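Take a look at the letters that make up each chain.
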Amino acid sequence: MGDEAAAAGRRILVAVDEGDESVQALRWCLGTFAAAARGDTIILLYVRPAPPTYSVLDASGYLFAEEVTAAIDRYSREVADAVVEKAQKLCTLYSKEVGEGGHEMKVEVKVAVGDARAVICHMADKLGADVLVMGSHGYGFLKRALLGSVSDYCLKNASCPVVIVKS
Amino acid sequence: MEEHEAAAASGTPGVDGDGAERGAAATALKVVAAVDASEESLRALSWALDNIVRCHPDATLVVVHAQHAVDHFVYPVAAHGLAYAPSSAVDSMRKAQEENSRRIVARALDMCKERRVGATAAIVEGDAKEAICQAVEQMGAGLLVLGSRGLGKIKRAFLGSVSDYLSHHACCPVLVVKPTKAQAK
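Residues numbered from 1 in each chain as written. Chains lettered and ligands numbered in written order. Predicted model: local features only at pLDDT ≥ 70, side-chain atom pairs only at ≥ 80, totals over all residues. Heavy atoms only, no water.

1. As for the overall build of chain A
Then comes step 1: In terms of helices and strands, chain A carries five helices and five strands.
Then comes step 2: Reading the secondary structure of chain A in the N-to-C direction produces α-β-α-β-α-β-α-β-α-β.
Then comes step 3: Burial statistics for chain A: of 167 residues in total, 44% are counted as buried.
Then comes step 4: Here the contacts in chain A between residues at least 6 apart in sequence split such that 78% fall between residues at least 24 apart. (Helix = DSSP H or I, 4+ residues; strand = E, 2+ residues; numbered from the N terminus. Buried < 20%, exposed > 50% of the residue type's maximum accessible area, 1.4 Å probe, protein only. Contact = heavy atoms within 4.5 Å.)

2. Description of the nonpolar core
Then comes step 1: Of all hydrophobic cores here, the largest spans 57 residues; its most connected members are Phe33 and Val133 of chain A together with Leu45 of chain B.
Then comes step 2: Val133 of chain A has contacts with Ile12, Leu13, Val14, Ala15, Ala25, Trp28, Cys29, Phe33, Val163 and Val165 of chain A, leaving out every residue within four places of it along the chain.
Then comes step 3: In this structure, Val162 of chain A together with Val64, Val136 and Val174 of chain B belong to the second largest nonpolar core, which totals 43 residues. (Core = buried A, V, L, I, M, F, W, Y, C linked by side-chain atoms within 4.5 Å.)

3. Regarding unusual backbone geometry
Residue and element names in this part refer to chain B.
Then comes step 1: Even without being glycine, Arg116 reaches a positive phi, approximately 55 degrees.
Then comes step 2: Inspection of the secondary structure puts Arg116 in the loop between helix H2 (87–114) and strand S6 (119–125).
Then comes step 3: Residue classification places Arg116 among the exposed residues on the basis of a relative accessible area of 68%.

4. Some thoughts on the pairing of strand S2 (residues 41–48) of chain A
Residues and elements named next belong to chain A.
Then comes step 1: Counting buried residues in S2 gives eight out of eight residues, a clear majority hidden from the surface.
Then comes step 2: Side chains Thr41, Ile43, Leu45 and Val47 of S2 all project onto a buried face; the interleaved residues Ile42, Leu44, Tyr46 and Arg48 project onto the opposite face, where all are buried too.
Then comes step 3: Two strands pair when backbone bridges link them, and strand S1 (residues 11–16) and S2 are joined in this way by six bridges, in the parallel orientation. Residue Val14 lies in a different strand from S2, and its bridge partner there is Leu44.
Then comes step 4: Handedness of the S1-helix H2 (residues 20–33)-S2 crossover: right-handed.
Then comes step 5: Judged from the eight bridges that link them, S2 and strand S3 (residues 106–113) form a sheet pairing that is parallel. Within S3, the residue paired with Ile42 across the bridge is Val107. (Pairing = 2+ DSSP bridges. Right-handed = clockwise from strand over helix to strand, strands pointing away.)

5. Overview of the confidence of the model for chain B
Residues and elements named next belong to chain B.
Then comes step 1: Residue-level pLDDT values for chain B average 77, and 75% of them are 70 or greater.
Then comes step 2: Across residues 1–26, where pLDDT falls below 50, the model places 37 contacts with residues more than four positions away in sequence or in other chains.
Then comes step 3: Scored as a complex, the prediction yields pTM 0.77 and ipTM 0.80. (pLDDT = per-residue confidence, 0-100.)

6. So, the environment of His169 of chain B
Residue and element names in this part refer to chain B.
Then comes step 1: Positionally, His169 belongs in helix H4 (residues 161–169).
Then comes step 2: The exposure class assigned to His169 is partly exposed, which follows from its relative accessible area of 32%.
Then comes step 3: Counting along the chain gives 33 residues from His169 to Val136, while the straight-line C-alpha distance between them is 11 Å.

7. Some details on the packing of aromatic side chains
Residue and element names in this part refer to chain A.
Then comes step 1: Within this structure, the stated rule accounts for one aromatic pair over all chains.
Then comes step 2: Seen in terms of ring centroids, Trp28 and Phe33 are 5.1 Å apart; in terms of plane orientation they differ by 15 degrees. Their pairing is stacked.
Then comes step 3: Looking at Arg10, its charged tip hangs above the ring of Phe33, at a distance of 4.9 Å from the centre. (Phe/Tyr/Trp six-rings, centres within 6.5 Å; stacked < 30°, edge-to-face > 60°. Lys NZ or Arg CZ within 6 Å of the ring centre and 35° of its normal.)

8. Remarks on the packing of helix H3 (residues 128–139) of chain B against H4 of chain B
All names here are of chain B.
Then comes step 1: Interhelical geometry of H3 versus H4 gives an angle of 35 degrees and a closest axis separation of 9 Å. Between H3 and H4 lies a crossing of right-handed hand. Touching Ala128, Lys129, Glu130, Ile132 and Cys133 of H3 are Ser161, Val162, Tyr165, Leu166 and His169, all from H4.
Then comes step 2: Each residue belonging to the contact of H3 with H4 can be placed in one class, and the counts come to six nonpolar, two polar and two charged. (Axes fitted to C-alpha atoms, helices over the stretch in contact; angles between N-to-C directions. Left-handed = near helix turned anticlockwise from the far one by under 90°. Nonpolar A, V, L, I, M, F, W, Y, C, P; charged D, E, K, R; others polar.)

Next comes the structure, spelled out in structure tokens:
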């Protein structure tokens, strides 16, 4: 027998990135999948690439000066902010549109650093996500035949159910 | 209320697949769950029942099973001829297939009934990947639910080929439920 109260509030982890596909995934999630009235929580996760580190022994260490790596890092943070802001705007937009009886979707934001595939799977575990929602990249002419490698990896390795939303 | 229909060629999505998907909770989400003889697909169905259908009271659920097409068997005879398997053999094979499908679908529908969810069933014939892909398109599904085999020791590194294919090619979002160690309940 299911008790409705306990079932309320799924934690839905939505992986966002700079591309349109993840926006589609988020849109789908907000529009169709998540139910605010049930107390679902949407967790937006953006993974930004780790700043490159160069070992002393590696000759490439001489190619990049400190300022350059700092600039790269700053840029990646700016991108992260932009992506997160866009995603949050989308969430509030949907809340406004629906706006029934003050059921607002709970939204959390997480930004992580590192290799997207591994980090997403790890965070899904760590944040206790019930389901992971991702877009998939359409790589040009291979459009419908190829899942982006990140979503592919997560599909195979995440410990929770995964939804892939194709555009 | 369950119907049992062979959706070989025509699948009419009678539900309001208008495409007018504005406003969250009012959308009728059409969930299609693909089942086969494996436990994983049933677990996927169970997860979907608990976590999707329960949260969307107006969602409709269709249970789909892909049955291998029973072709006429031919086998080579004496290096120059082909012999058709006797029709009785083909018939009995077909009956066995249908019986198998019926059992699988019945098990799935029972599970739905336990949770008091009305579901319809459809049996499609042919190669599982393509048949389900087509069925999903024809039904205008909003979400496809699949289990996936964690093949033994290669546990988390391999998706069953059907789930893999469908997650690439289905026309709607695909939910893959993988087996985990501690699946609650």
